[in-house]
Amino acid sequence: MKVVLAKTAGFCMGVKRAVQIALETAQGKEEIFTCGPLIHNPQAVETLRAKGVIPLPDEVDPDHGILLIRAHGMPADRIARLRARGLTIVDATCPHVVSSQKRIATCSAEGIPVIIVGDREHPEILSLQSFAAGPCHILSSLAEAQAFPAVERAMVIAQTTFNAADYETIGAELRRKIPHCQVFQSICKATSRRQEEVHRLARTCDAVVVVGGRNSANTRRLAEIAAASGKPTFHVETAAELPLDNFAAFTTVGVTAGASTPDWITEEVIDCLTSLHPVPDSD
Ligand code: SF4
């Protein structure tokens, strides 16, 4: 069986940077905590834990040591509260998320209502929301955009990992009903390139394997896009989860991985698939 690996598979810039900051901070003597996992990949989080980066449940505040802000960011008021308590703060928020935070803060300070398009409970959304000084609405779907009451003006911004095609549709609907509506392009390129490539993989392969945390929004989206193409799609966290019997019928399998999936996990998946049905020698 031929395995085609997506060029964009694996850690994005923001995740690489956050992991590097975590590892550098872990060289010191103080304990390091994150509120929620540093990145949405259970295997990578366990590797970091062994090096001293301890994930607390999302809602639990550390009471000593260093707070490492994860790539998704954290609510501004919560950071201020923890800083006031004397915790050292090390900020690993992805620069793309910081840029959205600043845009929201600026527009909101000018009195413009904010509409964020994304997953209501996602940590990035909770963080972005906290930068709005005035009205701030979260919309997750076209149906919610259609039901949104007519207002005079608004700024619209998306979660950095939102589905690019869905954001375009939702943005068009909001532009149609809001006379003064500014829609910002905030989906990061790491996300849109991965989404475009998984489309291509699904078109050219018999099946697609998406590797990454089930708690990772960008990984789940890659799997949704592949599945929507009608090709058999398998979302696995590790090679051990591959339903090997299902692969006998496929000649070419595309493999991609979420932005928070370490390369070693993807390599294990590829090794497993290639050993399953070796491609015969051409001579
Ligand atoms: S997916 Fe994009 S926005 Fe999110 S951490 Fe990676 S680079 Fe940053």
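Up top you'll find the structure we're talking about.
As the structure is a computational prediction, the values presented were derived from the model and not from experiment. (Residues numbered from 1 in each chain as written. Predicted model: local features only at pLDDT ≥ 70, side-chain atom pairs only at ≥ 80, totals over all residues. Heavy atoms only, no water.)

(A) Structural detail: helix 2 (residues 42–50). Taken together, the buried positions of helix 2 are occupied by Q43, A44, V45 and L48. Those residues of helix 2 that are buried lie in contact with helix 1 (13–25), strand 3 (53–56) and helix 10 (263–276). Taken from the residues just after helix 2, G52 is the one with a positive phi, measuring 105 degrees. (Buried < 20%, exposed > 50% of the residue type's maximum accessible area, 1.4 Å probe, protein only. Helix = DSSP H or I, 4+ residues; strand = E, 2+ residues; numbered from the N terminus. Contact = heavy atoms within 4.5 Å.)

(B) Molecular detail of the sheet that holds strand 6 (residues 114–117). Read across the open sheet, the four strands follow the order 7-6-8-9; overall the sheet is parallel. Each having just a single partner strand, strand 7 (136–139) and strand 9 (180–183) make up the two edges of the open sheet. Strand-to-strand twist across the sheet, computed as the mean angle between neighbouring axes with direction ignored, equals 20 degrees. Two elements, strand 6 and strand 7, share four bridges in a ladder whose sense is parallel. What sits directly across from I116, in strand 7, is I138. Where helix 4 (residues 95–109) meets the sheet, it contacts strand 6 and strand 8 (153–158), and its direction lies at approximately 175 degrees from that of strand 8. In the packing of helix 7 (residues 164–177) onto the sheet, contacts are made with strand 6, strand 7, strand 8 and strand 9, and the angle to strand 9 comes to roughly 165 degrees. (Pairing = 2+ DSSP bridges. Axes fitted to C-alpha atoms, helices over the stretch in contact; angles between N-to-C directions.)

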